[in-house]
2 protein chains.
Amino acid sequence: MNEFEWIDRYLRPLAKSPGADRLKNDVGVLRSAGSPLIATLDTLVEGVHFLNTDPLSSVAQKLLRVNISDVLCKGGVPRDALLSIAMPTSFTESDFASLCEGLRTDLDDWNIALIGGDTVRTPGPLTLSLTLTGACLTESVVQRSGAIVGDTVYVTGVIGRGGLGLSDALRGEESDHTDHYRIPELPPAAIADLIAAFATASIDVSDGLISDSGHIAGESGVSIQLDLSKVPFAEQVHDAEGALTLATAGDDYQTLFTAAAEDEHRLLATAATLGIRISFIGTVGQGDGVKLSFNGEDVSLPALTGYRH
Amino acid sequence: MNEFEWIDRYLRPLAKSPGADRLKNDVGVLRSAGSPLIATLDTLVEGVHFLNTDPLSSVAQKLLRVNISDVLCKGGVPRDALLSIAMPTSFTESDFASLCEGLRTDLDDWNIALIGGDTVRTPGPLTLSLTLTGACLTESVVQRSGAIVGDTVYVTGVIGRGGLGLSDALRGEESDHTDHYRIPELPPAAIADLIAAFATASIDVSDGLISDSGHIAGESGVSIQLDLSKVPFAEQVHDAEGALTLATAGDDYQTLFTAAAEDEHRLLATAATLGIRISFIGTVGQGDGVKLSFNGEDVSLPALTGYRH
């Protein structure tokens, strides 16, 4: 075992940008932007955020994507990454190579420059942290706190795949949903343009649709009324109970946002042009918290509105 | 145990900058700079990079300082931080408060804005990762690769305190050196000005003086001749063996750099004005690797030139 050889062999080839200096300097150089530069940091721990049976290449992609999701939902374009790998004693060269293969795929696909990081040993489980910067397409960063009474609530893609995928994976079943659980399907990169043009507030759906709606409501000082029968769930739901299961499951990594009601037609037309699936799922009102309905009937808020990692 | 309350109570008050948005957004906003923006990421694992008997406030300061050291040695001014805390199941509110107290001290002292991060659970040991950005005082970032034949080699402060402190700490003894082992004493912030004005190559001494000299030599394609009898060691050394022990111990977090020989007088005068202790410890020559002498006698390179974390 010589992790320095592993870094030379697998990790250094991924760090191709000038700012990375082949990971041979003490620091990486961030690419400058004419717009605000944002940064996010997420950590994944084996046995907590991924299963020890998950392929390590998919774990690496998940690590990148949970961070990309944060940048996209703020109307940002992903740019530079720093990576921390804390490797357990049982970690093999083949494990390291698999991890780097997953990294390579998504760094290339999203045009992200790996510019630095740290590789250490741990007596504990594999622990991965990624810092990702992004260049905002707006002059000021979209916050969770910008929703205004009368706004409309939208979500991209479908909701519930993360939760369904985790259930399937725990049962040892492979499905389209387990693919998403391991390598989250993100909204298209063009979502950043849509957010920059229209969003008054935004968040990525990581804790669960209801919980994350609550974050926007709480930070904006408004209430959010969600019509669960309009939510594009990953499988057909027959009643409010089924809807609640999927709306509280988390790990969706879609973008939830609010926009002015009068922009609805222009927004939907732009989304169609950009090839982004979005759904109108609710409205912003006075008061606080999240209020739910299903086919016109009020639905009580469940005790657990989301999954907290 | 409710880590969300802990975050509200202890961590959020530290995130005072506008770009942090009280840690209530999905991303932090990096402060723009008219100069290159650099970033570094270091991870500390309990039982590997610190002892489980070390006070958590000092562990937090060490985490910040190992990163600050990287920024300073490149001629940069520390700016924004993102923090990942992976907490073991045994972690208490008092532990969290102690960690945040150490963070507060050094964030304030170094005027660093905590703008984001992640707090997760781990079945393993406490694992802390910090990403720190810095604004360079130069137009292009000082690399490890810029040393030129004929340059002079300098180091700030004293060498060997990290190693002596670890030995003392492992024996259960408290000393001036254990203070440095737990909360590394860094060169003054003004070292960034000196580096920006004079350095052709630089690195921070974290692996050990000889090992880190080797990194500059290797990246620059030169040899470095160190006169160990000129190195400002933390305790008096009587022979080459004693010098080698301290020159290979690591965890010094001083700045090692090269500069043009003709700048010597101006450099020493500037250092004196800025109140920075620096020592002339060697020269850059043709060839490769590190060559050692002690009181005019050649000294063989030890098999282990530094401590690798």
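Residues numbered from 1 in each chain as written. Chains lettered and ligands numbered in written order. Predicted model: local features only at pLDDT ≥ 70, side-chain atom pairs only at ≥ 80, totals over all residues. Heavy atoms only, no water.

Caption draft 1: Quick look at the interface of chain B and chain A. The interface of chain B with chain A comprises 53 residues on the first partner and 53 residues on the second. For the pair chain B and chain A, the summed buried surface comes to about 4,000 Å²; carbon and sulfur atoms form 56% of the total. If you sort the residues of chain B by the area they bury against chain A, Asp26(B), Val27(B) and Leu41(B) come out on top, with a joint share of 16%. Our count for the contact surface shared by chain B and chain A stands at zero salt bridges. Between chain B and chain A we count eleven residue pairs in polar contact (both at pLDDT 80 or more) in total. Every element with two or more residues in the side of chain B that touches chain A is listed here: α1 (3-11), β1 (28-30), β2 (37-45), α2 (56-73), β3 (76-88), β4 (113-122), β5 (127-136) and β7 (199-204) of chain B. Of the residues forming the side of chain B that touches chain A, the biggest block, eight residues, is contributed by β2(B). (Contact = heavy atoms within 4.5 Å. Buried area = accessible area lost by both parts, 1.4 Å probe. Salt bridge = Lys/Arg side-chain N within 4 Å of Asp/Glu carboxyl O. Polar contact = N/O pair within 3.5 Å; in protein donor to acceptor, adjacent residues only side chain to side chain. Helix = DSSP H or I, 4+ residues; strand = E, 2+ residues; numbered from the N terminus.)

Caption draft 2: Summary view of unusual backbone geometry. Its identity as a non-glycine residue notwithstanding, Asn111(A) has a phi of 55°, on the positive side. Topologically, Asn111(A) is positioned in the loop between α3 (93-109) and β4 (113-122).

Caption draft 3: Layout of the sheet that holds strand β9 (residues 255-259) of chain A. Residues and elements named next belong to chain A. Across the sheet, which stays open at both edges, the seven strands sit in the order β7-β9-β6-β10-β8-β11-β12 with mixed pairing between neighbours. Pairing within the sheet leaves two strands with one partner each, and these edge strands are β7 (199-204) and β12 (297-299). In this sheet, neighbouring strand axes are inclined to one another by 30° on average, regardless of whether the strands run parallel or antiparallel. Inspection of the sheet shows strand β6 (residues 152-156) paired to strand β10 (residues 278-285) by five bridges, in the antiparallel sense. (Pairing = 2+ DSSP bridges. Axes fitted to C-alpha atoms, helices over the stretch in contact; angles between N-to-C directions.)

Caption draft 4: Broad picture of the environment of Val284(A). Residue and element names in this part refer to chain A. For Val284, the position within the fold is in strand β10. For Val284, a relative accessible area of 5% translates into the label buried. Between the C-alpha atoms of Val284 and Asp176, which are 108 residues apart in sequence, the distance is 33 Å. Other than its neighbours up to four places away in sequence, Val284 contacts Ala147, Ile148, Val149, Gly150, Asp151, Val153, Val222, Ser223, Ile224 and Thr258. (Buried < 20%, exposed > 50% of the residue type's maximum accessible area, 1.4 Å probe, protein only.)

Caption draft 5: How the structure looks around the UniProt feature "binding site: Mg(2+) 3" (unreviewed entry) in chain A. UniProt's feature table lists "binding site: Mg(2+) 3" (unreviewed entry) at Asp26(A), Asp70(A) and Asp204(A), given in the numbering used throughout. Their sequence span is 179 residues, while the largest C-alpha to C-alpha distance among them is 32.5 Å; these annotated residues do not converge on one region. Here Asp26(A) shows up in the loop between α1 (3-11) and β1 (28-30). Setting aside chain neighbours within four positions, we find Asp26(A) in contact with Thr40(B), Asp70(B), Cys73(B), Lys74(B), Arg144(B), Ser202(B), Ile203(B) and Asp204(B). For Asp70(A), the position within the fold is in helix α2 (residues 56-73). The class for Asp70(A) is buried, based on a relative accessible area of 7%. Once residues within four sequence positions are removed from consideration, Asp70(A) is found in contact with Thr40(A), Asp42(A), Asp204(A), Asp26(B) and Val27(B). (UniProt positions renumbered as here; feature names shortened; annotations may be inferred.)

Caption draft 6: Focus on the relation of the copies chain B and chain A. Superposition record for chain B on chain A: RMSD 0.0 Å, screw rotation 180°, translation along axis 0.0 Å. On the angle and the small slide along the axis, the relation comes out as a two-fold axis. Looking at the rotation axis and the C-alpha trace of chain B, the residue lying nearest is Gly124(B), at 2.1 Å. With an isologous cut-off of 70% or more, the 100% of interface residues of chain B that recur at the interface of chain A puts this contact in the isologous class. (Least-squares fit on C-alpha atoms with pLDDT ≥ 70 in both.)

Caption draft 7: The arrangement of the packing of α2(B) against helix α3 (residues 93-110) of chain B in detail. Residues and elements named next belong to chain B. Relative orientation of the contacting elements α2 and α3 amounts to 35°, with a least axis distance of 6 Å. Of the two elements, α2 crosses α3, and the hand of that crossing is right-handed. Every residue of α3 that contacts α2 at Leu56, Ser57, Ala60, Gln61, Leu64, Arg65, Ile68 and Leu72 is listed here: Asp95, Ser98, Leu99, Gly102, Leu103, Thr105, Asp106, Leu107 and Trp110. Taken together, the residues of the contact of α2 with α3 sort by class into nine nonpolar, five polar and three charged. (Left-handed = near helix turned anticlockwise from the far one by under 90°. Nonpolar A, V, L, I, M, F, W, Y, C, P; charged D, E, K, R; others polar.)

Caption draft 8: The arrangement of the sheet that holds β4(B) in detail. Across the sheet, five strands lie side by side as β1(A)-β2(B)-β5(B)-β3(B)-β4(B); this open sheet has mixed pairing. If you trace the sheet from one side to the other, it starts and ends with β1 of chain A together with β4 of chain B, each paired once. Ignoring which end each strand starts from, the neighbouring axes of this sheet average 25° apart. As paired elements, β1(A) and β2(B) share three bridges and run antiparallel to each other. Bridged to Gly28(A) within β2(B) is Ala39(B). Across the face of the sheet, α2(B) comes into contact with β2, β3 and β5 of chain B while running at roughly 145° to β2(B).

Caption draft 9: Seen up close, the pattern of salt bridges. One pass over the full model with this rule turns up 22 salt bridges over all chains. Its salt-bridge partner being Glu93(B), residue Arg9(B) comes within 2.4 Å of it at the nearest N-O pair. Residue Arg9(B) is found in helix α1, and its partner Glu93(B) is found in helix α3; the two are separated by 84 residues along the sequence. Look at Arg9(B) and you get partly exposed, because its relative accessible area is 45%. Judged by relative accessible area, which is 28%, Glu93(B) ranks as partly exposed. Several salt bridges converge on common partners, so that one network encompasses Asp54(A), Glu174(A) and Arg182(A).

Caption draft 10: Spotlight on the domain arrangement of chain A. All names here are of chain A. Here chain A is partitioned into domain 1 (3-23 + 34-136) and domain 2 (152-296). Distance between the C-alpha centres of domain 1 and domain 2: 26 Å. Taken together, the contact between domain 1 and domain 2 spans 19 residues of the former and 20 residues of the latter. The interface formed by domain 1 and domain 2 includes one salt bridge. A salt bridge links Arg182 to Asp54; the shortest N-O distance between them is 2.8 Å. For the interface between domain 1 and domain 2, the tally reads six residue pairs in polar contact (both at pLDDT 80 or more). Among the elements that take part in the side of domain 1 that touches domain 2, α2 stands out by supplying ten residues, more than any other. For the side of domain 1 that touches domain 2, the per-class residue count stands at eight nonpolar, six polar and five charged. (Domains from an automatic or database assignment.)

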